[in-house]
Amino acid sequence: MKIAICVKYVPVDSKVQVDPATHALIRNSGAGEINPSDRYAVEMARRLKKDGDTLDVFTMGPADAVRALKVVLALGADHAYLLNDKAFAGSDTLGTAKVLAAALTQYGPYDVVLMGSASNDGATGQVGPMTAELLGMPDVTDAVDLQIDGGQAAVSKKAGDSLFALKTALPVLVTVPFGANEPELPTLRNQVAANQHDIIDVTAADLGIAPETVGQAGALSIVTDTMQVVQKKQAVTVTGTVDEMANKLAGLVEGQLKALQQGGGEHV
Amino acid sequence: MSKKKRIGIIGGGISGTALGFNLSLYDDADVTLFEKGRIGCGTTAKSAGTVCLFDDSLNNRYWDVRLYGFETYLKMERERKGSAGFDKTGTLVCATSEKEVDRIKAGIALAESAGYTGEYITDKARIKQILPMLNTDTILGAGYTADDGYFDGTMISNTFAQKMEANGGTILRGADVTEIVIENGTAKGVKTADGDRYDFDVVVDCTGPWSRFTGEMAGLDVPIWHTKAEAFFVVPPEKHLDYVFPILKFPAFYALRAGNNIFICKSHLSMNLDDPMHAGQWDPDRLPEREGTDDYFIDFLFHQFEKNVPGLTDAGLNSSWLSYRAETRDFLPIVGDTPVKNYLLATGYGGNGVIEAPAVSRDLAKYIMRGESTLLLEEWAFSRLLKDKGE
Amino acid sequence: MSKTAIFIWIQKGRAADSVAELAAAAKALGEPAALYAFGADATEALAADLAYDGIDAVHIVNTPGLTPCQTDGLADAAAQVMTDDGLATVLLEAEAVGRDIMSRAAVKVGAGMTSDCTALKVQDGSIRQIKPSFGAQVMVACEVKGTPQIVTIKKGSTAPADKIDGLPVDVRTIEAASKITCGDVTALPSSDHLTGADVVVVAGKGAIESGQFEAVKAYADKIGAALAGSRPVADQGFIPFDDQIGESGTVIQPKLCIIFGVSGAIQFTEGIKGGGKIIAINNDPNAPIRGFADVFICADMGELLIAMNAQD
């Protein structure tokens, strides 16, 4: 079986500022990490992989996104692809999906494609389904379990407070939410070895992608402005007598729990 | 009615809070501390808290400083459990050379002299009982004390802050000092980002790695460098250890337990301030809370463990962070007067802030309030660095 | 036929409660929108419940045999409707089902798609969408180039429109296939690890110092939340270290987190990410957690918990 996992290298820091003149984002530091949800997708891929299967990891990003690939190599990936090209910069979700789908087609065909359900920075959750559509395969988002048997996938999907048992023939694209499993961590030994592993650099030309169809040039959804909100976040304060505060708190919690049941609830 | 002396402290980490507390013990002191973020949540939050009984991070010339820090925090714990975040794991200091054996034995003698237990163990089987995952073939022996452990700099800072406020001191949280008011070469007060002005008789910089920037506000060149302190949290292969992992010290690194995980950090020995891999002058505001360690650090850890603690080569890498230690050329703090009148420093602790702050603050508070100096203040005076400069 | 549309999916047991807000959002854009209700359970009988001020027509699109999990088939239906009816702008609620379906549909019809807008307005002939980013430190203005455009709107962003009646209704059936088959739906079992929990209750040092740990635990059980703690709580053995929140412990991304008696030092707050709703209870009005939480209650934990555990 050929398994593919797509990961994203996201900024670490929680502090961002907007340059008042240029309205550009000022990232406090250059540090990045593998998108937290992706770790659970990687774990699902790792558990799927049996003798004879291959696991390939892809990331679209700048040069230092290679650090995300190295984590997955340390967890057993066979090949690592860095999709890096100036033309890819500024892609919207559709542009990202186009690049990923092109790479997955070029180096595939894959039986299973995995990704995290959403990234910590963009958090749209769109790239998974868009990539699946471009690849002509069905997708299941927020999968907390995946079993493959004889070309058939059995997926447990989390939605609200319910678990849906779904089945589909391969190939399938599956996205995995934060907390779906307990990820194995890369060991020091494996990480040192993985840091020596080859990385395959892939450009737009390698994928036969016309630059104007992706990146900033090809984006249909664009950011036109960025504005700083409050410098110091202050919580909404609940006041009153103890009973009044207890009632307000109970009401707040109840509302949130209800929204969660229905598959909503707060998320970025 | 004599007027109180007004002191403004910039920085609410271990340095500022310890000083604020000590000043608040004088009823003729009116202390205000400015912290732009949260108390003890900057550089202090990334400290390991190893105020160890025997350790080479601070020369034994200053043993009294170390002992005073250790006992201050033990008393804090006795007053209120958890207020210094003490985890009494014991410490195992490994000797890989005869020179180290001598040093460790001297350290044990000092600890015993102060009434603590300590022994130098050559029986490898016993050492392995204390720490099963250690490779005892690479060491000559190890010093051990069960009385030791590590503390929590953030807890300690908050405890000092609470005591300071209980004594009538003022802490302004979320207050960013953006200007130091200097008139005729004398510090007169500070201004914050909110535009408020505060008048002081004495202003003290306790901002650690930010001291260059703070100093600029006073027209002072503060000669600190940043050395990189990389740290990793790893998960032992056994997941849950059935013994207490002691603080483990080797020349190049030290390790201690953090819950079920193990925290590992590089020692600040042999840091070359002119080597860009080790040190530079950076912006602490740009440090991320997590990640940011250089790739070489993983290789370094692997080789150290392969040799000395093979049980950890298959530990899971959980998370990492990078911190800056504010170091001076001689790796000792800068405390006290500067060429700018009434502008003082209590900075450059170089990763030893948790160890050094209690003794320094005790002495500095007395100096500020009574004009009486001490041997410590004289050795750690700013003037020594001025003499070195230009040579 | 208007070119702006609202898409909803009829899900069993769930009222289409997002319609009122979406109608108001459409109205604010300046032209009436047509509402399209998709699903195997979408029938003409529902139409009257879907009429709100801002909508000028209700279209029932019956998709036989398709459940909301069968997003490939539902995306076909959505794309077909967009093409057949010449829809320029489609508004939908920012939630998982619609997002999954319309992401696929966006590819089919070549539409730009934004996500999670909290405000919309028309500016120079295009729709300017405002959305929070980076945990709401920054607001970002987005636009979609060209048509069609797909816009997802966060629930709670718009004041709901009033109910109206007398809207024209039409019904169509779209037979779309799905490669996915749906089996049982069961209750989600509570996660056996903290990171998998959507709702987490945290006990801090304040809870153990005031002897309230058991009360906090009881409250967690009552609302079906996972129980976690800050470092002192783990150090003192009230919870296992696996359940300690923090940089050196476990990092969680709960949708709802209720924190009792934690001061809010950085080592703790770095353990909670993901932009969920955070409610903090502490009797110290200066506790730094106040700058981290969304809602802060300055109260005696013991009294509050008695009042809360007593409620049914």
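Residues numbered from 1 in each chain as written. Chains lettered and ligands numbered in written order. Predicted model: local features only at pLDDT ≥ 70, side-chain atom pairs only at ≥ 80, totals over all residues.

Time to look at the overall build of chain A. Counting secondary structure elements, chain A contains eight helices and 16 strands. Compactness check: chain A gives a C-alpha radius of gyration of 20 Å against a globular reference of 18 Å for 268 residues, within 12% of the reference. The principal-axis extents of the C-alpha atoms in chain A amount to approximately 65 × 50 × 40 Å. The buried share of chain A, taken over its 268 residues, is 53%. (Helix = DSSP H or I, 4+ residues; strand = E, 2+ residues; numbered from the N terminus. Rg over C-alpha atoms; globule rule 2.2 N^0.38 Å. Buried ≥ 20, exposed ≤ 12 C-beta atoms within 10 Å, placed from the backbone.)

Let's shift gears to the interface of chain C and chain A. Across the contact, 76 residues belong to chain C and 71 residues belong to chain A. Considering only residue class, the side of chain C that touches chain A consists of 36 nonpolar, 21 polar and 19 charged. Here three bridges tie strand β16 (residues 236-238) of chain A to strand β16 (residues 295-297) of chain C, and the two strands are oriented parallel to one another. Looking at β16(C), one finds that Thr237(A) is bridged to Phe296(C). (Contact = placed C-beta atoms within 7 Å. Nonpolar A, V, L, I, M, F, W, Y, C, P; charged D, E, K, R; others polar. Pairing = 2+ DSSP bridges.)

Further remarks concern the UniProt feature "binding site: FAD" (unreviewed entry) in chain C. Residue and element names in this part refer to chain C. Look at the UniProt record and you will see "binding site: FAD" (unreviewed entry) annotated at Ser230, Arg231, Gln244, Ile245, Gly246, Glu247, Ser248 and Asn282. Annotated residues spanning 53 residues; largest pairwise C-alpha distance 23.1 Å, indicating distribution over more than one region. Tracing the sequence through the fold places arginine 231 in helix α6 (residues 231-235). Judged by local crowding, arginine 231 falls into the buried class, with 29 C-beta atoms found within 10 Å. (UniProt positions renumbered as here; feature names shortened; annotations may be inferred.)

This next bit is on the interface of chain B and chain A. With 24 residues of chain B in contact, the opposing surface of chain A contributes 16 residues. Broken down by element, the side of chain B that touches chain A gets its largest block of residues, five residues, from helix α7 (residues 296-308) of chain B. Residues of the side of chain B that touches chain A, tallied by class, amount to eleven nonpolar, five polar and eight charged.

Here we come to the domain arrangement of chain A. Here the domain parsing of chain A yields domain 1 (2-218) and domain 2 (235-268). The distance between the C-alpha centroids of domain 1 of chain A and domain 2 of chain A comes to 34 Å. (Domains from an automatic or database assignment.)

Residues and elements named next belong to chain B. Across the seven residues that make up strand β2 (residues 29-35), a large majority, five, are buried. Where strand β1 (residues 5-10) lies against β2, six bridges are found, and the strand directions are parallel. When the bridges of β2 are listed, arginine 6 appears paired with aspartate 30. Once the chain exits β1 it traverses helix α1 (residues 14-24) before rejoining the sheet at β2, and the crossover so formed is right-handed. Here four bridges tie β2 to strand β6 (residues 170-173), and the two strands are oriented parallel to one another. Paired with leucine 33 across the two strands is isoleucine 171, which belongs to β6. (Right-handed = clockwise from strand over helix to strand, strands pointing away.)

Another aspect to go through is the domain arrangement of chain C. By the assigned domains, chain C splits into domain 1 (4-173) and domain 2 (194-310). Relative to domain 2 of chain C, the C-alpha centre of domain 1 of chain C lies at a distance of 37 Å.

All names here are of chain B. Structurally, tyrosine 349 is set in the loop between β18 (343-347) and α8 (353-370). On the neighbour-count criterion, tyrosine 349 (31 C-beta atoms within 10 Å) is buried. In this structure the C-alpha to C-alpha distance between tyrosine 349 and methionine 164, which are 185 residues apart in sequence, comes to 21 Å. Once residues within four sequence positions are removed from consideration, tyrosine 349 is found in contact with Ser15, Gly208, Ala326, Pro333 and Glu356.

Before going further, it helps to spend a moment on the sheet that holds β16(A). Reading across from one edge, β16(A)-β16(C)-β15(C)-β14(C)-β12(C)-β13(C) is the order of the six strands in this open sheet, with parallel pairing throughout. Of all the strands in the sheet, the pair left with one neighbour each is β16 of chain A together with β13 (226-229) of chain C. Sheet twist, expressed as the mean angle between neighbouring strand axes with direction ignored, is 20°. Examined bridge by bridge, strand β12 (residues 199-203) of chain C and β13(C) share four bridges and lie parallel to one another. Note on β13(C): the bridge partner recorded for Val201(C) is Leu227(C). (Axes fitted to C-alpha atoms, helices over the stretch in contact; angles between N-to-C directions.)

All names here are of chain C. Strand order in the open sheet formed by seven strands is β5-β9-β4-β1-β2-β3-β10, and the pairing between neighbours is parallel. For this open sheet the edge positions go to β5 (112-113) and β10 (169-173), each flanked by a neighbour on one side alone. Bridge analysis of strand β1 (residues 4-9) against strand β4 (residues 89-93) gives three bridges, and the strand direction is parallel. Paired with threonine 4 across the bridge in β4 is threonine 89.

Pairs of packed helices are described in terms of their axes, by the angle between the two and the distance that separates them. Residue and element names in this part refer to chain B. The contact between α1 and α8 brings their axes to 8 Å, and the two run at 40°. For the element pair α1 / α8, the angle class is oblique. With respect to the hand of their crossing, α1 and α8 are arranged in right-handed fashion. Residues Ile14, Ser15, Ala18, Leu19, Asn22 and Leu23 of α1 form the contact with α8, whose participating residues are Gly353, Val354, Ala357, Pro358, Ser361, Arg362, Leu364, Ala365 and Ile368. Its residues placed into classes, the contact of α1 with α8 shows ten nonpolar, four polar and one charged. (Parallel < 35°, antiparallel > 145°, perpendicular 65-115°, else oblique. Left-handed = near helix turned anticlockwise from the far one by under 90°.)

The next point concerns α7(B). Given 3.6 residues per helical turn, the α-helix brings residues three or four places apart onto the same face. Compared with an ideal rise of 1.5 Å per residue, which puts 13 residues at 18 Å, α7(B) spans 18 Å between its outermost C-alpha atoms and is within 8% of the ideal. Considered for burial, the residues of α7(B) that qualify are Ile298(B), Leu301(B), Gln304(B), Phe305(B) and Asn308(B). For α7(B), the buried positions fall inside an angular range of 130° around the axis, keeping them on one side. Next to the buried residues of α7(B) lie α5 (188-194) of chain A together with β11 (225-235), β13 (253-258) and β14 (261-266) of chain B. (Expected span 1.5 Å × (residues − 1). Arc of directions from axis to C-beta.)

What follows concerns the nonpolar core. Counting 166 residues, the largest nonpolar core has Phe263(B), Ile264(B), Val200(C), Val202(C), Val216(C) and Ile259(C) as its most contacted members. Apart from residues lying up to four places away in sequence, Ile259(C) is in contact with Val202(C), Gly204(C), Ile278(C), Ile279(C), Ala280(C), Ile281(C) and Ile289(C). By size, the runner-up hydrophobic cluster in this structure holds 133 residues, among which are Ala45(A), Phe88(A), Ile55(C) and Cys69(C). (Core = buried A, V, L, I, M, F, W, Y, C linked by C-beta atoms within 7 Å.)

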